[in-house]
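# Chains, contacts and geometry: an overview
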Amino acid sequence: MRPVLLEMEGFSSFRQKAVVRFDDCDLFVLTGRTGSGKSSVIDALTFALYGSISRLDNAGAVAPVINQGSIRARVSLTFIAGSHRYTLTREVSRKSSTKAALERDDVPVAASVREVDREIASLLGLSFEQFTKSVVLPQGDFAEFLHANSKDRQDLLVKLLDAELFRRVQKQASGRASTLKADLDRTERDIVREQTTIRHRASALGFEVLDDHLSEEDEDAAVDAGTLRVGELWSLVKRVEASVAELQRLAAEKRAADDQAEHCREASSQLEAVVTPPSLQDLQQRLDGARAAVRAAEEALQAVEDAQVEAEKSLATFPPRADVTAIVKLWEQHSAQLGLLGPAEGALAKAVANVVNAVAAQESAETFAARAMAERERVLQQNHAFAAAQGLSAGDACPICGETLADAPALPTPAGIDAAQTVLAQAEEAVEAARRIVNTAGKTEAAARERLDGISALKVQLERELDGKNALSTCRDSLDQIALAEVAVTEARDALTDARDTLTKGRKTLSSLDHETIAAWTTFSERTTACAALGTPPHRKENDLAGSWAALEAWARAEAAAYHGKAQLAATTGTQLAEQAKAQAAGQYHDCAALAVVVEPAQQPLLAANAAHTHAERDLADLQAATAERRRLDNERTLLRTDWQAAESLNSHLRANRFEQWYLEEALSRLLEGASATLRELSAGQYSLKLDENRKDFLVVDHTNADETRPVKTLSGGETFLASLSLALALADEIALLAPATAPRLEALFLDEGFGTLDPDTLDTVAGAIEELGARGRMVGIVTHVPELAERVPVRFKVTKVGGTSRIDREP
């Protein structure tokens, strides 16, 4: 992988868009003051590839990469990998999720963060941690690593090589071993369960396994025995089904024989029930008597009807009874009015006299009252002040002086006033009583006069109505004669009703006898029709009801005897068929018992056989399934045991105290070998590295001084830088070996800072080493704020920070 173009906007210190072109940059430097944003360029490249930067404590955090004056950050990296050109873009916002897109040769291949991460992991073959250690070299750690004691060096090696992985693998192996052991134990229990099932199902199928160890031969024998048992039971089912069919045939024939016997018995009983009705013996005599009685009743009715006509003619000669009765009532009312006229006149005379007397009494009372009034006025005139004060109250005007009264006048009553007042009151009461008597007497006179006028008027009206009418005695004689004629008519009508009733009864009797005759013929026809299904009955004899019945009864007796014989024969046949069916059923029970099939008391043998066959089939299927499952579990147990042993072995090996030490020593040997070769190249063959005899401290071998060895602490600053750089490059190569063989080669690396403490002579050494790295075909980028070193590099990118934003410019 080789970067070609990097674009940044809103990222870290680069608020405005910045572009870095790496064309023709085998060796370049990012230079500028401390804090200008040099390292942010390397961070942007890492962020574009993995969505994170190594300087963050939380690798998943994205907000810290956004410039403080921006709401989003966008990074785009174009790089060459293999034969293809890729453009990778990531954009993060403070308010929304991260966006990512990847193009290959201008063709989109991923459009989401997940898709892009998957493509980058597949393309580079390195994780984020591996990339940051193999591309952005941690030479500072290796400078410390070079001079550290053995314990600190081991801790740094664990950190640099991620040796903690083996501890995680050991933990996973331990967990895997526990899981596999639990699965193995469960499989063992399942095998025991399936073996128990096999024993139970084999026993149910009649095969007993005597050996405690159940072999595959025992299982196969049990399956064969079960298959044989199922076949035998199937044969039993078929035999019992055939027997059931035979039983059904015998039962059908027996039912037919029983039905025939019952039919013949019913036919015999039906024919024996054909007898001549007892009522036929005197039916003709009763018919003749009824006809004669009807004729006599018809003649009597005619005579009564003639008598009624004569009686009604006689009655018609008289005036209507109502007219005569009305005249009689008028005469009786006239007589009554004459009787009331005298008393009414006397009552009127008496009432007139009472009125005259009452008027005289009233006039006398009024005269007496006038004298009492005059006496009272005289007394008041004598007591004028008392009279004036009567009726006055407080606030009224005085009638004498005209002043307003403060209180009601309180004057003593003069002598004689009370007596005069009492006499006057009595006189007024007598006048009122006399007036009431006059009024009552007047009303009585008016009522008497009105009654007399009414009686007189009614008498005159009755006399007008009776003018020209027969006398009362003549009318009463007419009524007597009318009554005699009406009695004659009533008696004639009653006789007519009786005659009609007699005729109706006679006709009913005759009709009943006719119906009885018809019913007898109908019964004969019904009996003949009913017997027609049992034979050929004789035909009816016209007008000979008794003879027809006698011939039918004789024929029925003969046919009943024949049907009785047929019923006995059919009953014998039914008994024989029942015996055959009994023997057939016993055979079913015998066949079931022969195969140990239990037939319950209320159960049919066929149901028992079918149930036994079904259970055997189920047991055989369970046996076969349990056998197959037991063998599958056996294979599974073998595989689980192998996996468990492997996991347990791995866990045991990784758990050993010296494994990590051995691995670290091996890794240190490989690093030392690679670093020595690189150091020899960078130092023009002068130096290489080795460990002391105790493998605790690094030694430098000086090949220009007879391979003299001395501690690395004696190296100058530039020599120390070369040694630590060699270790960093060796680590990068070691990590790159972890990538898949198909992953493109990492053709770029970056050295971030670490040059600030070098003297001029050391800088010359470092610059020469860096130029050597650039000549190896890799792109090498240096991040430094040391101008002297930057000037030695052919391509320089100067990073400056002005007005809160960084910018980058390529210097010629």
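Residues numbered from 1 in each chain as written. Predicted model: local features only at pLDDT ≥ 70, side-chain atom pairs only at ≥ 80, totals over all residues. Heavy atoms only, no water.

## Considerations on helix 11 (residues 417-466)
Under the convention used in this document: Numbered from the N terminus, helices here are DSSP runs of H or I no shorter than four residues, and strands are runs of E no shorter than two. The span you would expect from a helix comes to 1.5 Å times its residue count less one.
Spanning 50 residues, helix 11 covers 74 Å between terminal C-alpha atoms, matching the ideal 74 Å at 1.5 Å per step. Gly-468 occupies a position one or two residues after helix 11 and carries a positive phi of about 90 degrees.

## A closer look at the pairing of strand 1 (residues 2-9)
Selection rule: When a residue's accessible area, from a 1.4 Å probe over protein chains only, is under 20% of the maximum for its type it is buried; when over 50% it is exposed; and in between it is partly exposed. Only when DSSP finds a minimum of two bridges between them are two strands counted as paired.
With seven of eight residues buried, strand 1 lies mostly within the body of the structure. Summarising the sheet, strand 1 and strand 4 (residues 72-81) pair through seven bridges and their orientation is antiparallel. If you follow Glu-9 over to strand 4, its bridge partner there is Arg-74. Strand direction decides the pairing type here: strand 1 and strand 2 (residues 18-21), joined by four bridges, are antiparallel. By the bridge assignment, Leu-6 is partnered in strand 2 with Val-20.

## Concerning the nonpolar core
Let me state the cut-off plainly: The set of buried Ala, Val, Leu, Ile, Met, Phe, Trp, Tyr and Cys residues whose side-chain atoms join them within 4.5 Å is what this entry labels a nonpolar core.
In terms of nonpolar packing, the biggest core is built from 49 residues, with Leu-6, Met-8, Phe-11, Phe-28, Leu-49, Phe-79 and Ile-808 touching the most fellow members. Per element, the largest residue contribution to this core is eight residues, and it comes from helix 1 (residues 38-50). By size, the runner-up hydrophobic cluster in this structure holds 36 residues, among which are Leu-27, Leu-691, Leu-751 and Ala-790.

## Details of the sheet that holds strand 4
To be explicit about the condition: Here an axis means a line fitted to C-alpha atoms, over the contact stretch when the element is a helix, while the angle between two N-to-C directions is reported on a 0 to 180 degree scale.
Strand order in this open sheet of six strands is 2-1-4-5-6-7, and the pairing throughout is antiparallel. The sheet terminates laterally at strand 2 and strand 7 (107-110), the two strands that pair on one side only. In this sheet, neighbouring strand axes are inclined to one another by 20 degrees on average, regardless of whether the strands run parallel or antiparallel.

## Structural notes on the pairing of strand 14 (residues 795-802)
Bridge analysis of strand 3 (residues 27-31) against strand 14 gives four bridges, and the strand direction is parallel. If you follow Phe-28 over to strand 14, its bridge partner there is Val-795. The hairpin turn running from strand 14 into strand 15 (residues 805-811), its antiparallel successor, is two residues long, and Gly-803 in that turn takes a positive phi close to 60 degrees.

## Some remarks on the side chain of Arg-637
The test is simple: Under the rule applied, a polar contact is a pair of N or O atoms within 3.5 Å (in protein, one hydrogen donor and one hydrogen acceptor; residues adjacent in sequence only if both atoms are side-chain atoms). Every residue pair with non-hydrogen atoms within 4.5 Å of one another is taken to be in contact.
Its place among the elements puts Arg-637 in helix 14 (residues 605-655). Taking relative accessible area as the criterion, Arg-637 reaches 18% and is therefore assigned buried. Separated by 3.0 Å, the side chains of Arg-637 and Glu-188 make a polar contact. Each residue touching Arg-637, except ones within four places of it in the same chain, is listed here: Leu-184, Thr-187, Glu-188 and Ile-191.

## Topic: unusual backbone geometry
Of note in the backbone geometry, Asp-105 takes a positive phi value of approximately 55 degrees without being a glycine. Within the fold, Asp-105 resides in the loop between strand 6 (99-104) and strand 7. For Asp-105, a relative accessible area of 38% puts it in the partly exposed group. A positive phi angle, close to 55 degrees, is found at Asp-707, a residue other than glycine. Mapped onto the secondary structure, Asp-707 falls in the loop between strand 10 (698-702) and strand 11 (708-711). For Asp-707, a relative accessible area of 43% gives the class partly exposed.

## Side note on the pattern of salt bridges
Operational definition: Should a side-chain nitrogen of Lys or Arg be within 4 Å of a carboxyl oxygen of Asp or Glu, the pair is scored as a salt bridge.
Following the criterion strictly, the structure yields 38 salt bridges and no others. Linking Asp-117 and Arg-90 is a salt bridge whose minimum nitrogen-to-oxygen distance equals 2.7 Å. Of this pair, Asp-117 sits in helix 2 (residues 113-124) while Arg-90 is found in strand 5 (residues 84-93), placing the two residues 27 residues apart along the sequence. A residue is classified by how much of its surface remains accessible, and Asp-117, at 33% relative accessible area, is partly exposed. The closest approach of N and O atoms between Arg-378 and Glu-375, which form a salt bridge, is 2.5 Å. Within this pair, Arg-378 and its partner Glu-375 are both found in helix 9 (residues 321-382), separated by three residues, close to a single helical turn. The exposure class assigned to Arg-378 is partly exposed, which follows from its relative accessible area of 40%. Each of Asp-183, Arg-186, Asp-190, Arg-193, Glu-194, Glu-629, Arg-632 and Glu-636 takes part in one network of salt bridges that share partners.

## Some thoughts on the packing of helix 12 (residues 472-532) against helix 13 (residues 545-594)
Here is the rule: Working rule for angles: under 35 degrees goes down as roughly parallel, over 145 as roughly antiparallel, 65 to 115 as roughly perpendicular, anything else as oblique. Two helices that cross are described as forming a left-handed crossing if the nearer one is turned anticlockwise from the farther one by less than a right angle, and a right-handed crossing if clockwise.
Taken N-terminus to C-terminus, the directions of helix 12 and helix 13 make an angle of 25 degrees; their axes are 11 Å apart at the nearest point. When the axes of helix 12 and helix 13 are compared, the pair comes out roughly parallel. Crossing handedness for the pair helix 12 and helix 13: left-handed. Each of Thr-517, Ala-520, Trp-521, Thr-523, Phe-524, Arg-527, Thr-528 and Cys-531 in helix 12 lies in contact with helix 13, whose residues at this interface are Leu-545, Ser-548, Trp-549, Leu-552 and Trp-555.

## Focus on the packing of aromatic side chains
The geometry of an aromatic ring pair is captured by two quantities: the separation of the ring centres and the angle between the planes. Put simply, the test is: In summary, the pairing rule links any two rings of Phe, Tyr or Trp, Trp by its six-membered ring, whose centres are within 6.5 Å, and it sorts them by plane angle into stacked for under 30 degrees, edge-to-face for over 60 and tilted for everything else. Any Lys NZ or Arg CZ that is within 6 Å of a ring centre and within 35 degrees of that ring's normal is treated as a charge sitting over the ring.
Under the defined criterion, the tally for this structure stands at eight aromatic pairs. Summarising the aromatic geometry, the rings of Phe-11 and Phe-47 are spaced 5.5 Å apart at their centres and angled 45 degrees between planes, so their arrangement reads as tilted. With a gap of 36 residues between them, Phe-11 in the loop between strand 1 and strand 2 and Phe-47 in helix 1 connect regions that are remote in the sequence. Owing to a relative accessible area of 0%, Phe-47 belongs among the buried residues under this scheme. Both rings, one in Trp-521 and one in Phe-524, keep their centres 5.9 Å apart while their planes meet at 85 degrees; by these two values the pair is edge-to-face. A residue pair is termed a helical-turn pair when its members lie 3 or 4 positions apart in one helix, as Trp-521 and Phe-524 do in helix 12 at three residues. One exposure class covers both Trp-521 and Phe-524, and it is buried. Ring pairing ties together the aromatic residues Phe-22, Phe-28, Phe-750 and Phe-797, which thus form one cluster. Over the ring of Trp-521 we find Arg-540; its NZ or CZ atom is 3.7 Å from the centre of that ring. The residue whose ring lies beneath Lys-566 is Tyr-563, and the NZ or CZ to ring-centre distance is 5.0 Å.

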